[in-house]
Amino acid sequence: MLSEQKIRALVLQRQFIHSPWTEGLPGLLQHLGALQLDAIQRITRAHHHQLYNRLPRYRESHLAEAEQRREIFEYWSHAAAYLPMAHYPYARVRMDRIRAGQRHWFEKNAKLCRYVLNRVREEGALRASDFVRTKSGWWEWSDEKKALEQLFHEGELMVSHREGFQKVFDLPERILPANTTTRAASKLEYGSHLVRTFLGCQGIGRIEEIAYLRREDKPFIQLAAESMLATGELTPHGKELVLTEQLEQSLGRPSRKVRLLSPFDPLILQRKRLRRLFGFDYQLECYVPAAKRRYGYFCLPILYGDRFVGLVDLKADREAGVLRVEAQHWTEKPGASLEASYHRALGQFARFHGLESETALTA
């Protein structure tokens, strides 16, 4: 049996938090399975923050360049995400479900979908703003935007790229590389892919964690896990599952350095799992009314070695050219080594964004 310390070491090793990934951005996405997108830009968008913590010398332009080279594409995983192009057959499973009538956010307007699709086919890549708006407001999408999104989820349209944060839609045949496998994966292939990907990048986990925000996928995951246990590819570890080959890996003690993690980082995305494995209780409070916040609007977890030692609420003040420390909370009294590593991490994080870091809290 793996000790709690060994489990944390395995998880961190497979997440490439302290040991940077060296095989390029597309390979990292293939390892992680998905790179979650988020629109909040308190500091930088979540997808860039996740890559910053794993890829040496990463720059925000690298993601757009990988998309332009069609090494990655945008679709839905457990949430909106970038996926490696090699995973397109697995994305097709959901696309086919939506096309067959599974509802996503709203009822399909088939007539408007045909109109929108024909315009893209005839005119080339288009944005929602290229259509006449029938409604206004961020949360009140136009009917044309709903049609574009419906076609996107069905796989009839893909995102070519983004302008600002606005999607530019085009036909799949004008985006997919010629050698792309376009058939949907089988149920067993799909379930096995989800199990292998999750455990490959998370080290250890439970069926409900592999199926996180994937209610429709849970039967495929269970089917695959049973098959993989029978062949010995998986090994049970109490209530957990682990890839058998990973039990043979040597696990060193995680490096004693600070990492400031995005609230959407895959290491911490599942809060119950985070509490169970690391004993860290975390909530992103930007969705909590201001009067009820305990720690701050956009607090980042502070990871030190294999322990979460606090939270820091940061804000990029672009006008002043400063990364502001709005609030800081320690879960344990920091010693000199932790303090030094924290300030070093803060300075590096600020420089990544072209900013200076504050050493004191904002007044």
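Look up a bit, the structure's there.
So, here is what we can say about the structure in this document. Remember, it's a predicted structure, so these values are computed and weren't measured experimentally. Residue positions are given per chain, counted from 1 along the sequence in the order it is written. Owing to the predicted nature of the model, reporting of local features is limited to residues with pLDDT of at least 70; listing and counting of side-chain atom pairs is limited to 80 or more, with chain, interface and lining totals taken over all residues. Excluding hydrogens and water, the side-chain figures rest on all heavy atoms present in the structure.

Here the focus is the nonpolar core. The term nonpolar core refers to a set of buried residues drawn from Ala, Val, Leu, Ile, Met, Phe, Trp, Tyr and Cys, joined through side-chain atoms within 4.5 Å. For the exposure calls, accessible area comes from a 1.4 Å probe over protein chains only, and a residue counts as buried if that area is under 20% of its type's maximum, exposed if over 50%, partly exposed in between. Judged by nonpolar contacts, the single largest core of 93 residues is most densely connected at Leu25, Leu51, Leu260, Leu267, Phe308 and Leu314. Numbered from the N terminus, helices here are DSSP runs of H or I no shorter than four residues, and strands are runs of E no shorter than two. For this core, the leading source of residues is helix α12 (residues 336-352), giving seven residues. Contact definition: two residues touch when any of their heavy atoms are within 4.5 Å. Residues contacting Leu260, with those up to four places away along its chain left out, are His49, Asn53, Leu300, Pro301, Ile302, Val312, Leu314, Tyr342, Ala345, Leu346 and Phe349. One finds Val195, Leu199, Ala211 and Phe220 within the second-largest nonpolar core, a separate group that totals 18 residues.

Attention shifts here to the packing of helix α1 (residues 4-15) against helix α8 (residues 187-202). Note on geometry: axes are C-alpha line fits, over the in-contact stretch for helices, and angles between N-to-C directions span 0 to 180 degrees. Here α1 crosses α8 at 105 degrees, and the two axes come no closer than 6 Å. When the axis of α1 is compared with that of α8, the two are roughly perpendicular. Touching Val11, Arg14 and Gln15 of α1 are Gly200, Cys201 and Gln202, all from α8. Gly is placed with the polar residues, together with every amino acid not listed as nonpolar (Ala, Val, Leu, Ile, Met, Phe, Trp, Tyr, Cys and Pro) or charged (Asp, Glu, Lys and Arg). Across the contact of α1 with α8, the residue classes break down as two nonpolar, three polar and one charged. Roughly parallel covers angles under 35 degrees, roughly antiparallel covers those over 145, roughly perpendicular covers 65 to 115, and oblique covers all other angles.

With that out of the way, let us pick up the packing of helix α5 (residues 88-99) against α8. The N-to-C vectors of α5 and α8 enclose an angle of 120 degrees; their axes lie 9 Å apart at closest approach. With respect to α8, the element α5 is oriented oblique. By crossing handedness, the relation of α5 to α8 is classed as left-handed. Here Tyr90, Val93 and Arg97 of α5 lie close against α8, whose contacting residues are Glu189, Tyr190 and His193. Among the residues forming the contact of α5 with α8, the class breakdown is three nonpolar, one polar and two charged. Should the near helix be turned anticlockwise from the far one by less than a right angle, the crossing is termed left-handed; should it be turned clockwise, right-handed.

Glancing now at the pattern of salt bridges. Here, a salt bridge means any Lys or Arg side-chain nitrogen found within 4 Å of an Asp or Glu carboxyl oxygen. The full count for this structure, using the stated rule, is 30 salt bridges. Asp306 serves as the salt-bridge partner of Arg8, at 3.5 Å between the closest nitrogen and oxygen. Of this pair, Arg8 sits in helix α1 while Asp306 sits in the loop between β9 (299-304) and β10 (307-317), and the two are 298 residues apart along the sequence. For the pair Arg8 and Asp306, a shared accessibility class is recorded, and that class is buried. The partner of Glu163 in a salt bridge is Arg127, and the shortest N-O contact between them spans 3.4 Å. Here Glu163, found in strand β4 (residues 158-163), pairs with Arg127, found in the loop between α6 (110-123) and α7 (143-154); they are 36 residues apart in sequence, far enough to count as distant. Assessed through its relative accessible area of 39%, Glu163 is described here as partly exposed. By relative accessible area, Arg127 is classed as partly exposed at 25%. Put simply, Arg206, Glu209, Glu240, Arg273 and Arg276 are held in one network by salt bridges that share partners.

With that out of the way, let us pick up the pairing of strand β11 (residues 322-330). At least two DSSP bridges between two strands are needed for those strands to be called paired. As defined by bridge partners, β10 adjoins β11 across eight bridges and the pair is classed as antiparallel. Pairing of Val312 across the sheet is with Gln328, part of β11. Hairpin geometry of β10 and β11 is characterised by an intervening segment of four residues between the two adjacent antiparallel strands and by a positive phi of about 70 degrees at Gly321.

Remember that the coordinates give geometry; whether it matters functionally is a separate question.
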